[in-house]
Each structure stands twice: as C-alpha cells, then as structure tokens.
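Descriptive analysis of the structure
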Amino acid sequence: MLTPLGRLDKYAASENVFNRQMVARSLLDTLREVCDDERDCIAVLERISRLADDSEPTVRAELMEQVPHIALFCQENRPSIPYAFSKYLLPIVVRYLADQNNQVRKTSQAALLALLEQELIERFDVETKVCPVLIELTAPDSNDDVKTEAVAIMCKMAPMVGKDITERLILPRFCEMCCDCRMFHVRKVCAANFGDICSVVGQQATEEMLLPRFFQLCSDNVWGVRKACAECFMAVSCATCQEIRRTKLSALFINLISDPSRWVRQAAFQSLGPFISTFANPSSSGQYFKEESKSSEDTSVEDKNRIRDQEVPEDVQIRPEDVSSDPSISNSSVKLENMVEDHAETSRKSPGEISVPMDSSLLCTLSSESHQEAASNENDKKPANYKSALRPEGGASSPDSALLDQELYNSFHFWRTPLPEIDLDIELEQGCGNTLSPERPEETSEVTAPGSSNITMATRKELEEMIENLEPHIDDPDVKAQVDVLSAALRASSLDAREEASDAERRSDAQDGLGVNEPPNCKINHDASVPLIRDAVENMESTLCYIHNDSDLSTNSSFSPDEERRSKVQDVVPQALLDQYLSMTDPSRAQTVDTEIAKHCAYSLPGVALTLGRQNWHCLRETYETLASDMQWKVRRTLAFSIHELAVILGDQLTAADLVPIFNGFLKDLDEVRIGVLKHLHDFLKLLHIDKRREYLYQLQEFLVTDNSRNWRFRAELAEQLILLLELYSPRDVYDYLRPIALNLCADKVSSVRWISYKLVSEMVKKLHMATPPTFGVDLINELVENFGRCPKWSGRQAFVFVCQTVIEDDCLPMEQFAVHLMPHLLTLANDRVPNVRVLLAKTLRQTLLEKEYFLTSASCHQEAVEQTIMALQMDRDSDVKYFASTHPASTKVSDDAMSTASSTY
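Let me begin by describing the structure that accompanies this report. Since this is a predicted model, take the numbers as computed values, not measurements. (Residues numbered from 1 in each chain as written. Predicted model: local features only at pLDDT ≥ 70, side-chain atom pairs only at ≥ 80, totals over all residues. Heavy atoms only, no water.)

**Describing the overall build of the protein chain**
We apply this condition: Strands here are runs of E lasting at least two residues and helices are runs of H or I lasting at least four, both read from the DSSP assignment and numbered beginning at the N terminus. Buried means the residue's accessible area, taken with a 1.4 Å probe over protein chains only, is under 20% of the maximum for its type, while exposed means over 50%, and partly exposed covers the values in between. Contact between two residues is taken to exist if any of their heavy atoms lie within 4.5 Å; hydrogens are not considered. Working definition of accessibility: Shrake-Rupley area with a 1.4 Å probe, residue cover restricted to the visible protein chains.
Along its length, the protein chain carries 49 helices and two strands. Within the protein chain, the proportion of its 906 residues that are buried is 52%. Within the protein chain, counting contacts between residues at least 6 apart in sequence, those at least 24 apart form 74% of the total. Just so you have it, the protein chain exposes about 41,400 Å², and 51% of that area is on carbon and sulfur atoms.

**So, unusual backbone geometry**
A cis geometry characterises the amide bond from threonine 772 onward to proline 773, with omega recorded as -10°. Mapped onto the elements, proline 773 comes out in the loop between α40 (751–770) and α41 (775–789). At glutamate 119, a residue that is not glycine, the phi angle is positive and equals roughly 55°. Structurally, glutamate 119 can be placed in the loop between α7 (102–117) and α8 (123–137). The exposure class of glutamate 119 is exposed, given its relative accessible area of 68%. In this model, aspartate 811 sits at a positive phi of 55°, which is unusual for a non-glycine residue. Residue aspartate 811 is classed as partly exposed on the basis of its relative accessible area of 46%.

**What about the packing of aromatic side chains?**
Between two aromatic rings, the relevant description is the distance of the centres plus the angle of the planes. What counts, and what does not: The aromatic pairing rule takes the rings of Phe, Tyr and Trp, using the six-membered ring of Trp, and pairs them if the centres are within 6.5 Å, calling planes under 30 degrees apart stacked, those over 60 edge-to-face and the rest tilted. Here, over-ring charges are defined by two tests on the NZ atom of lysine or the CZ atom of arginine: distance to the ring centre within 6 Å, and angle to the ring normal within 35 degrees.
This structure, assessed with the given rule, holds 15 aromatic pairs. Pairwise contacts between aromatic rings join Phe174, Phe194, Phe214, Phe233, Phe253, Phe275 and Phe279 into one cluster. Its guanidinium or amino end placed over the ring of tyrosine 735, arginine 739 lies 4.3 Å from that ring's centre, counting from NZ or CZ. When the ring centre of phenylalanine 884 is taken as origin, the NZ or CZ atom of lysine 843, which lies over that ring, is 4.5 Å away.

**Side note on the side chain of arginine 739**
Of note, arginine 739 is situated in helix α39 (residues 731–746). In contact with arginine 739, not counting residues within four places along its chain, are Val734, Met764, Leu780 and Glu783.

**Here we look at the packing of helix α45 (residues 835–848) against helix α47 (residues 861–874)**
Put simply, the rule is: Axis angles are defined between N-to-C directions and span 0 to 180 degrees, where every axis is a line fitted to C-alpha atoms and, for a helix, only to the segment in contact. For classification purposes, angles smaller than 35 degrees are called roughly parallel, those larger than 145 roughly antiparallel, those between 65 and 115 roughly perpendicular, and all remaining angles oblique. Two helices crossing with the near one rotated counterclockwise from the far one by less than a right angle form a left-handed crossing, whereas a clockwise rotation gives a right-handed crossing. Each residue gets one label: Ala, Val, Leu, Ile, Met, Phe, Trp, Tyr, Cys and Pro are nonpolar, Asp, Glu, Lys and Arg are charged, and the others, such as Gly, are polar.
Contact geometry of α45 with α47 gives a least axis separation of 10 Å together with a crossing angle of 135°. Accordingly, the angle class assigned to the pair α45 and α47 is oblique. Both α45 and α47 take part in a crossing whose hand is left-handed. Across from Arg838, Leu841, Ala842, Leu845 and Arg846 in α45, the residues of α47 making contact are Thr869, Ile870, Leu873 and Gln874. When its residues are assigned to classes, the contact of α45 with α47 shows five nonpolar, two polar and two charged.

**Remarks on α45**
To keep things clear, this is the line we draw: An expected span of 1.5 Å times one less than the residue number is assigned to each helix.
When the terminal C-alpha atoms of α45 are compared, their 19 Å separation across 14 residues agrees well with the 20 Å that a helix rising 1.5 Å per residue should span. Across the 14 residues of α45, eleven count as buried, placing the element largely inside the fold. Within α45, burial applies to Val837, Arg838, Val839, Leu840, Leu841, Ala842, Lys843, Thr844, Leu845, Gln847 and Thr848.

**Details of the environment of asparagine 281**
Relative to the assigned elements, asparagine 281 resides in the loop between α17 (262–277) and α18 (299–302). On the basis of relative accessibility, which here comes to 31%, the residue asparagine 281 falls in the partly exposed class.

**As for the nonpolar core**
Stated formally: The nonpolar core is taken to be a set of buried Ala, Val, Leu, Ile, Met, Phe, Trp, Tyr and Cys residues, with the residues joined through side-chain atoms within 4.5 Å.
Core analysis: the biggest nonpolar cluster contains 165 residues, and Phe194, Tyr581, Leu685 and Phe818 have the highest contact counts within it. If one sorts the elements of this core by residue count, helix α33 (residues 633–650) sits on top with nine residues. Counting residues in each nonpolar core, the second largest holds 56 residues, with Leu5, Cys74, Ala111 and Val130 among its members.

**Considering the pattern of salt bridges**
Which entries qualify depends on this criterion: Take a side-chain nitrogen of Lys or Arg and a carboxyl oxygen of Asp or Glu: if they are within 4 Å of each other, that pair is a salt bridge.
Counted according to the given criterion, the structure contains 34 salt bridges. Here arginine 182 makes a salt bridge to aspartate 144, at a shortest N to O gap of 3.0 Å. Taken together, the residues span a long stretch of sequence, with arginine 182 in the loop between α10 (163–178) and α11 (184–192) and aspartate 144 in helix α9 (residues 144–161) at a distance of 38 residues. Residue class for arginine 182 comes out exposed when judged on its relative accessible area of 54%. The exposure class assigned to aspartate 144 is partly exposed, which follows from its relative accessible area of 26%. Note that lysine 759 and glutamate 763 form a salt bridge whose closest N and O atoms lie 3.3 Å from each other. One end of the pair, lysine 759, and the other, glutamate 763, are both in helix α40, four residues apart, so they sit about a helical turn from each other. Among the residues examined, lysine 759 registers a relative accessible area of 31% and is labelled partly exposed. Within this structure, Arg123, Glu127, Asp164 and Arg168 form a network of salt bridges that share partners.

The structure is reproduced here in structure tokens:
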C-alpha cells in the first residue's frame, strides 16, 4: 500500500544489504512511475545521491550499473527533469572513479565511457567536471592503481570528446605520463593507446609533441612497453607525413624487429605488413584490371570488373597493366609515335632547344594506351648519347606526317609491352622523312653513330642467353612475345654490324649534298636504319630490364645471388622493411620469433602488394609461392581467402601467369583451404579471360566431393556461388556443366542445401529461357519434370513443387510459358498419395500462383484447371491440405514454406 517514494525510503534504510541492492536495481522503475510529477522525480534523484554514500561496495556497484539507464531516461524526459543528470548523477560517476573498491571503480569507468559514447554528457561538463578529476587522479602523488586506470580512461575517451578537448586538456598530461619513471604500468598503458591519441590530435601535434615520447617508449627498458609500441605502430605511422615515416619511423621499426625480447619481435613482425601498407600512395593506388581489348562475348561481364585509375603523379612510372585501353586516348598514342619518330630530328636540335632527356626504359614501359605525357630524368647508367626528344607543343607538323600518324594509330594502339615487333619501328621510321638542319650538320653523326657502335658483342651475347633461357617456356603467349622482341633486337644488332659503314657513307654523302643556301625545311629521304637500330637497342635493353624484374617465369635460378637481390629492389618503401617482410617465410623465423609468423605474412600480403604496385610484384612473387606451398594449412587457407583481392591488384596478365597455378593448387587442397577459394570463386573467375575461365567448368564437379560428407555448408556455399557464376558462362556451358551439379544439389540430404539449390535451378531456368533459341530452357524443364515431378520418392516430387514455387515468385518464366511447360505436371500432384506433397501444392497454388495477374484477369483454360485443382484440395481427406487450400495465410515465401513442419525435412 506504500507509494513508490515510500517503498523506496523503506528499503533504502534497511539494514539488509540485499534490500538496498534491490532498491538500486528498482530505481529506474520508480522513476518511470513518478515521471509525470517533477517534484517526485527530483525526490528520487536526491535519494540516489544518499544511496551513493552506502558503505557496502556491492550496493554502490549495483547503483553505478543503473546510472547509464537512468541517465538515458532523464535525457528522454528532459522537459520534466532538466539538468537532472548533470546535477545528481554525473558527480557520483566522477567520485566513484577514485573509490577504494576495485569493483566500484571498474563499474564507474564503464559507466563513464558508456555515457560518453551515447553523448549523454554535455561538452561543458566534460571540460569542467570530468577532465579535471582525471588529471588530478594522474598526479604524481596519486595511487598507482588509480593512476593507471585514469590514464586508460583518458586515452579511451579522447576519440569521443574530440580533437579540441584532447589537445587542451588530455595531451599535456598524456605526454607526462609517457615519461613516468616510477610506474612502467602507466607507460605501458600510454604505449598501448598511443595510436588512438595520434589519430585524434592529428599530424602536427603528433610530430611535434608525441613522436619524441614515442621514441622514448620504443626504447623503454621494459619489454612490455616496447611490445605495446610495436602493436600500435601502424596507427602512429598513419598520423605522420611520408618523409618522417620513411626516414625516422622505418629505422625505429627495424630496431623493434631486432629487439632482444622474442615477444617484442613477435609483435613487430605482426605489425610489419600493416606498417608497410601506410607507405601506399593514395593517388596511384587505383587499379584497372583489364588491359586488353575484350571479346564481344565477354564485354558485358568484364565491364563490371573495372576499377578506374586515379590520377598518377608525374614521378610515378606507368606500366601497361596500370593504364586503361580506352580508345579515347588516341591523341596521346599519336604523341608516342611522334616521340619515336623524332629521334632523327633530335640530331639537328641545339642543346639549348627543347630537347628533354628521357629514360630509354619508357620505350618499354609506356604502352600505346598510356594517357600521360612521359618525362623522366636522364638515366645515369646510360651513355649521354642515349637521348630522345619530345616534339614541341607548338610545332607544326607537315600534312604528310600528320597523315602518317593517323594511319599508324591502330597499330600502336594495340601494341603490348614488351613491343612485339621491332621491325615495325623500322618501317615507321623509314616511312617518315628526316629533316636535317643545315646549320649543324655535324650533330647527326655525333648523335646517331655512337648508338650503333655501342651494340657490342656483350649485348648480343646477353640477348642470346636470354632467348635460350626463355626457350623452354615458348608455349606461353607472353613468353613468345618476349622471345620475338629479343629476336628482333638481335637481328637489328646484326644489321647494324653489317651496314654501319655503308650507312655512315650515305650519311656523309647526304650532308655533302646540302647547299648552304638550301631552305631550312628541306627534307632528305635517306635510309635511317642506324638511328632506328639505336632505338631498337634501347628497346632491347629496357626489355631485358623488364624481363629481369617483371617476368613471370621461374628463370631466377640462372641468376647470381646479387642479381636476385637486385631484382627485389624497389623505391616505394624502405628496402630494409621489405627485406624483413620477405624474411618472414624463413623457417628459422618460426623457431626464433613465432610459429605462426608465416600466417601473419600471408594475412598482410595483399596490402603489401597494393602498396608496392603491380610493377614491383616481382619482389613478392617468390614469397607468395613459398607461402602457397607452406606446410601449415592455416597459411594456405589465409591466401585462399584473399587470392581474389590480389588478382584485382595485379591485373589480368600477372594473375594468369602467377596466381592461376596457385589457385589450381588450392582447388585440390584440404577442405579448410578449398572453402576459401569457393567463397570467392565468382570474384576470381570473373577476372580471368573467358577462355581461361571455361577451363574451370570441368573442375566445378569436384566441389561436390568433400573430406567429410557431413560438411553440408561446403555444398551450400557451392550452390550460392553457382548462382553468381551463371552470368559468366554461355547458355550452352550452363546447360552442359552447371545443370548436372544443380540437379544433384536439389536432391541433397540436407534441407538448407536444397533450399538454396531451388533458387539456383530457377535462375538457371530464367537464363536458359532468355537465350536464343530457348531450346536449352525447354530441355531443362523437361528434365525437371522427369527427374523430380515423376520421381518415385515423395521427396523428389516435393522438390519439384518447391522449384515451381520459386520460379513463380521470382518471375523466372512468363506465366504463359509456365502454364504450358510446368503447370500441367504441377497440377497432377493434387492426387499424390503423400500429404506433405499435397500440402505444399495447396500453398503454392493458393498463395503464389493465384496472386499473379495472369490468373486473376484472364479467363483461360489454365485458370479453370487451377480452380478445379484447388476445389479438389479443399475436399482433401487431410486436414492440413484442406486448411492451406481454403485459407490465405500472409506468408508466401518459399523459405517459410520450407521451414514449416508440414513440408520440410525428409
């Protein structure tokens, strides 16, 4: 008979601890009862303040657990009880942060973070009531445990209160705590949360105030502090500029990797991949998977696979895999032709004119599809005479050369890198006249002649060695293209040796024939093979570099150790970091650092590959192959789950050369590895060329066989992937290869697999019916009728009804076609001897079929047959059949039908 306040007062004054605990639990209910009266609400809140002084820790802890709920209630009823939380509840939370009882302190800390996360504390209260208390608790004379907990709270609340409050109130004390000489626990908490603070305060405060403290923590004499620094290294790196990351943090991280403590080394190696990923250049991380023209059959599918290139900085070398093959870039293709054309014109330009030194490797690395003007610094390793010039923007070309550019556009546009035919270069140059300057005729021989003389026997010997190494792999189209390039370059070098004297003579004759009064624009049509041989050699040498660094062949065995080391050099990340990352596959690391270090390496490999770019894939290829053949199945499983992401990063050529063989190996691996491939089967196959993709049609059947027949989730995932794969294959391939697997799954022993398979079959019916001609669709329907509609087992006939229901719901067939091909066989099941089949039939007809407009508006023979069947089912001897044929339940989904007790399992 007591009022809510009277009951609260009675039990709050009880000497029984359990009664007071009950009062703490019932505070929210009491507030709800009196929320209409503001004075009663204030009275309850005042009693909460008195209850907070209870001597029993369990009562105080129970009260603190209710504070977030009470605060939320006060926020929702703010008009009735304004400022209730700030005046009555927040002081209790703050006071309990320094409570003597550990349980009370932990509860108050959790409550404070929950209140901040739900934004129930005003910003003014944070600055004036919360932060001052935390700063006081972290004072030098504070209790050790309280100080450690207060530092942790400060770090966790920093992301919630924002940059301004953190910089003004939290950051100075945080920097002091990082140097706490007496308590290593405090330093360890600071190190563990260092990344969160850096991400809140931003780059400037991190570099000016926090980095010096971070360097101190990384060299702390307690290994637990150093280990915490290694774990948060990526977050700290993200808050600094690229220069500091490269010059200072890299050296600091190398120290952690070589730390005396095994636990520190273990944490450092786990963070190595994420740290390397922070060196990624956001402006050039965009990828474009396909670099070749697509076949007409494949265009509709592959268009979905594009990831548009972002703008690439001028200092980033462009590779053909990184640029699109869009025809709209024809102008730049013509510029590339002009660049090749103008080697001869360079000879008559004075050094002070527009001559721009260009790395000869651009002739190899720039494909005709490139959409940027290329300019790079002079290569120190090349002689000074290896130069090419860019035509001035304002220079007017003759009509003949313009016409020639237009004619040669298509040939250049479809060139691949390395250049397939050097001879084509010669034809281009020979077809274009060379303009000689009468003022400096001697420069011609000065520029062009040394180019040919540099084709020494050593160069030709290197060519022959490379061709010999590539011969065993001539079946690969990419290898064949490289062999063609090298052979053409070898022929060009031989041509140079034979014709050097005659060319020099023709050149001198042409120069002697030039009169002093001759017009400056006069053109001499003579054989320009020597300058082109020079160009061919430049192409050849850059091609050799391309093959050494980027070839997908395993020819490294013929290289010396120094050459192998040089092939793994890049300039994206500090080389020392990459070398440490590559060493994670070393067996000795598993003994001295971590038994699962290879798994960590595999986990972060896609991020490292994206950072380095596909042009530096050669640095990671050997490591990836080592991981793919690792003895631990967890390592291979990690790679299997990410191989589709790596394929997007590398592009189609490198994927076909390096990832497809590993993918094929995963298909034959343990089920724990195969599931990784299977879950992303569609994502990987859609990236392959259509011919390579078709090869996997023969292997899909193997997914039906598992190490454990009870592993039904494997088959369910296969059915899910087959639904996605329908769009990648032609109707004939779907009918020949995917249809048998789908029908097999429809008869699976596990109902979950069957339900997904019904969706698969219905989508297959839709695709085959839309094909021209639709004969495959008709054949599939006939097979469904024969194998399921007339199946001697009742479960098969029930599966046929499920398939029909799914076809109707998803509009996989026009109702006219459904009425002709499937409905007659469906209606015959009204006389089935098994009630479960008739129940599902009644549901399908009543809830699904009659909802279609075709059966609502047209008075056809099909509608009449359906109505007669429903009437017969309404008079069925089974009560469930009568019910579903007579009523119209709300649920019409096949999944609900499948899960009902009357028609599901068998």
